[in-house]
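Coordinate inspection notes
Chain by chain, the residues:
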Amino acid sequence: MFRLPILKYLFIICVSAAAFTVQANAESREADQKLKEAVALSNENKNADAISMLKELAQKFSDDRRILVSLGFVYQKENRLDDAIETFEKALLLKQDRKVCYSLGFLYEAKAANSPSPEDKKAFLNKALSAWEKVLELPSKKTVSGETEKTDNSRKSEVAAKHIEKIKSFLDSPSAQ
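All of these numbers come straight from a predicted model, not from anything done at the bench.

Looking at the environment of E109
For E109, the position within the fold is in helix 5 (residues 98-113). A sequence separation of 19 residues divides E109 from A128, and the C-alpha atoms of the two residues are 5.9 Å apart. Those residues in contact with E109, other than ones at most four positions away along the chain, are L125, A128, W132, H163, K166 and I167. A polar atom in the side chain of E109 sits 2.7 Å from the side chain of W132.

Below, the structure written as structure tokens:
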């Protein structure tokens, strides 16, 4: 007598879960397709259109880090430093990423170079230093075969180490005081 209602509820729960999974997969495919379209637009130097599409996607799929990273790169390509930094920082809140930290290192250094006040310059250089240090701290990506992407990752590590040394040297110099 009690088994039928329990089985009925379990069936309803299973059907609901399956429907939710199908909907989530459809949304994921939509995000993937739109993301590819936006990247293609950027590759064709139609950056305003790419930014518009990526901003719309970021609102709809707020937990998709790939969209934020792509948007950050298009902003960077357009020399919209503040927008790129803000977008990359949001992406890092979702997941730490060497490539994003690498870009942030350059962006913060560019902001420092364009800062009229010594205090702002030091603040941006400290943020750049933090980004470069994260490049060295975060694990390298693995390829499908399980091998580390040695060439790109070792190059990023070398660049990060050089920038860390240069920034520390500047910050320790009398001209930075």
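Here the narrative resumes, following the displayed structure.
Focus on the confidence of the model for the protein chain
Of all residues in the protein chain, 77% attain a pLDDT of 70 or more, and the chain-wide mean is 84. For the protein chain, helix 1 (residues 3-43) is the element with the lowest average pLDDT, namely 65, and helix 4 (residues 81-94) is the one with the highest, namely 97. Throughout residues 14-24 the model reports pLDDT below 50, and contacts reaching past four residues in sequence, or to other chains, amount to zero contacts.

Details of helix 3 (residues 65-77)
If you check helix 3, its first and last C-alpha atoms are 18 Å apart, about what 13 residues at 1.5 Å a residue would give, namely 18 Å. Taken residue by residue, helix 3 has R65, I67, L68, V69, S70, L71, G72, V74 and Y75 as its buried positions. Immediately downstream of helix 3, the backbone of N79 shows phi near 60°, a positive value.

Comments concerning the pattern of salt bridges
Where charged atoms from two side chains of opposite charge approach closely, those side chains can pair. Under the counting rule described, the total for this entry stands at ten salt bridges. Residues R66 and D32 are paired through a salt bridge, measuring 2.7 Å at the closest nitrogen-oxygen approach. Of the two residues, R66 sits in helix 3 while D32 sits in helix 1, which places them 34 residues apart along the sequence. By relative accessible area, which is 35% here, R66 ends up partly exposed.

Remarks on the side chain of S103
Among the structural elements, S103 can be located in helix 5. Beyond its immediate chain neighbours, meaning those up to four positions away, S103 contacts F73, Q76 and F88.

Looking at the packing of aromatic side chains
In this structure the tally under the stated criterion is five aromatic pairs. Seen from their ring centres, Y102 and F106 are 5.2 Å apart, and the 80° between their planes marks the pair as edge-to-face. Taken together, the residues Y102 and F106, both in helix 5 and four residues apart, mark about one turn of the helix. Overall, Y102 belongs to the buried group, its relative accessible area being 10%. Aromatic pair F106 and W132: ring centres 4.9 Å apart, planes at 85°, arrangement edge-to-face. Here F106 is found in helix 5, whereas its partner W132 is found in helix 6 (residues 118-137), with 26 residues between them in sequence. On the accessibility criterion, F106 (33% relative accessible area) is partly exposed. The class of W132 is buried, set by a relative accessible area of 0%.

Some words on the nonpolar core
One finds L54, I67, F88, L104, L107, W132 and I167 to be the most contacted residues of the largest nonpolar core, which totals 42 residues. Elements with a contribution of two residues or more to this core: helix 1, helix 2 (47-60), helix 3, helix 4, helix 5, helix 6 and helix 7 (150-172). When near neighbours in sequence (up to four residues on either side) are disregarded, F88 contacts V69, G72, F73, Q76, V100, S103, L104 and L107.

Definitions and cut-offs
Residues numbered from 1 in each chain as written. Predicted model: local features only at pLDDT ≥ 70, side-chain atom pairs only at ≥ 80, totals over all residues. Heavy atoms only, no water. Helix = DSSP H or I, 4+ residues; strand = E, 2+ residues; numbered from the N terminus. Contact = heavy atoms within 4.5 Å. Polar contact = N/O pair within 3.5 Å; in protein donor to acceptor, adjacent residues only side chain to side chain. pLDDT = per-residue confidence, 0-100. Expected span 1.5 Å × (residues − 1). Buried < 20%, exposed > 50% of the residue type's maximum accessible area, 1.4 Å probe, protein only. Salt bridge = Lys/Arg side-chain N within 4 Å of Asp/Glu carboxyl O. Phe/Tyr/Trp six-rings, centres within 6.5 Å; stacked < 30°, edge-to-face > 60°. Core = buried A, V, L, I, M, F, W, Y, C linked by side-chain atoms within 4.5 Å.

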